[in-house]
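As a plain string of letters, each chain reads:
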Amino acid sequence: IAVPRPRRRPNDGTQRSVRGSIVAMPRPENRYRCRCGGVNGRVLELGPDTANRCICYCHDCRAFAHHLGRQDMLDARGGADIVQVARARLVIDEGLDELRCLRLTPGGLFRWYADCCKTPIANTLPRVPFAGLCRSAIDVAEAQLPSADLIHGRSAVGGLPPGASAGLSLHA
């Protein structure tokens, strides 16, 4: 008796073969949260191939941290560590009522933060399908993230950091 073989489906990393059968693999996810835990959620499928990362030295990133009284979110030269992911990969589990948004300039980024403890959460723009999350709010190992590009270096405290682009120049 011939038993028809199942059609092979492409493996997108969420399945593995066990003796010829396909077994679903759990999709990795990482938690993110504000400092006090009032706002928390998940970043789905976070990894070097699904995210970009930058240290941004622009005046607006610094102004946002200062507005919230969170200079501790900046490095010694005033850079904000940002992990960019597709907005569809973000899930808010708790604290939606604590989220606030502001814009520092007309046409600038929408800057989201947790009002309960003034933790920056994300930056977004209309019609742009990604969000820039504050690295310190994500529970993730460094090895899970891509290396960071240094952008807007001409605005850094103390001058252009080594390896930084003067403006918004990301490496491919």
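Residues numbered from 1 in each chain as written. Predicted model: local features only at pLDDT ≥ 70, side-chain atom pairs only at ≥ 80, totals over all residues. Heavy atoms only, no water.

Here the focus is helix α1 (residues 59-67). For α1, the full list of buried residues reads Cys 61, Arg 62, Phe 64 and Ala 65. Down the axis of α1, the smallest arc covering the buried residues is 160 degrees, so these residues share one side. Among the exposed residues of α1, those oriented more than 90 degrees off its buried face are His 59 and His 67. Positive backbone phi, approximately 70 degrees, marks Gly 69, located one or two places after α1. (Buried < 20%, exposed > 50% of the residue type's maximum accessible area, 1.4 Å probe, protein only. Helix = DSSP H or I, 4+ residues; strand = E, 2+ residues; numbered from the N terminus. Arc of directions from axis to C-beta.)

Looking at the chain as a whole, its pLDDT mean stands at 85, while 82% of the residues score no less than 70. Scored below 50 in pLDDT, residues 1-15 makes 13 contacts in the model with residues more than four places away or belonging to other chains. (pLDDT = per-residue confidence, 0-100. Contact = heavy atoms within 4.5 Å.)

This part is about the layout of surface pockets. If a probe the size of a water molecule is rolled over the atoms, the empty space left behind becomes visible. Within this model, the largest pocket holds a volume of roughly 420 Å³. Around the largest pocket sit 22 residues that line it, and Gln 84, Leu 109, Phe 130, Ile 151 and Leu 168 are the ones nearest its centre. When grouped by side-chain class, the residues that make up the lining of the largest pocket number 12 nonpolar, 8 polar and 2 charged. (1 Å grid on protein atoms, 1.4 Å probe; cavity = no way out; pocket = protein on both sides within 12 Å on 5 of 7 lines; lining within 4 Å. Points joined across faces, edges and corners; volume = space filled by probe spheres on them. Nonpolar A, V, L, I, M, F, W, Y, C, P; charged D, E, K, R; others polar.)

On to the sheet that holds strand β10 (residues 119-124). Spatial strand order, β8-β9-β10-β11-β6-β5-β12: 7 strands in an open sheet with mixed pairing. Of all the strands in the sheet, just β8 (99-102) and β12 (149-151) have a single pairing partner and so form its edges. In this sheet, neighbouring strand axes are inclined to one another by 30 degrees on average, regardless of whether the strands run parallel or antiparallel. On the sheet, α1 packs against β5 (51-56), β6 (80-86), β8, β9 (110-114) and β10 and is oriented at approximately 30 degrees with respect to β9. (Pairing = 2+ DSSP bridges. Axes fitted to C-alpha atoms, helices over the stretch in contact; angles between N-to-C directions.)

Another point: the sheet that holds strand β7 (residues 90-94). The strands that make up a sheet pair up through hydrogen bonds in the backbone, lying either parallel or antiparallel. The strand order across the open sheet built from 3 strands is β3-β4-β7, with neighbouring strands paired in antiparallel fashion. Strands with a single pairing partner mark the edges of an open sheet, and in this sheet they are β3 (29-33) and β7. Ignoring which end each strand starts from, the neighbouring axes of this sheet average 25 degrees apart. In terms of strand pairing, strand β4 (residues 40-44) meets β7 through 4 bridges, oriented antiparallel. Bridge pairing links Arg 42 to Val 91 in β7.

As enumerated under the stated definition, the model contains 1 aromatic pair in all. Each ring, one from Phe 64 and one from Tyr 113, has its centre 6.3 Å from the other, and the planes form 70 degrees; the classification is edge-to-face. Here Phe 64, found in helix α1, pairs with Tyr 113, found in strand β9; they are 49 residues apart in sequence, far enough to count as distant. Residues Phe 64 and Tyr 113 agree in their burial class; the two are buried. Stacked on the ring of Phe 110, the Lys or Arg Arg 103 has its end atom at 4.1 Å from the ring centre. (Phe/Tyr/Trp six-rings, centres within 6.5 Å; stacked < 30°, edge-to-face > 60°. Lys NZ or Arg CZ within 6 Å of the ring centre and 35° of its normal.)

With 18 residues, the main nonpolar core has Leu 46, Val 83, Val 85, Ile 121 and Ile 138 as its most contacted residues. Secondary-structure elements contributing two or more residues to this core are β6, β10 and β11 (130-134). Setting aside anything within four residues of it in sequence, one finds Leu 46 in contact with Pro 28, Asn 30, Ala 51, Val 83, Val 85, Ile 138, Val 140, Gln 144 and Leu 145. Residues Ala 65, Leu 74, Ile 82 and Ile 151 belong to the second largest nonpolar core, which totals 9 residues. (Core = buried A, V, L, I, M, F, W, Y, C linked by side-chain atoms within 4.5 Å.)

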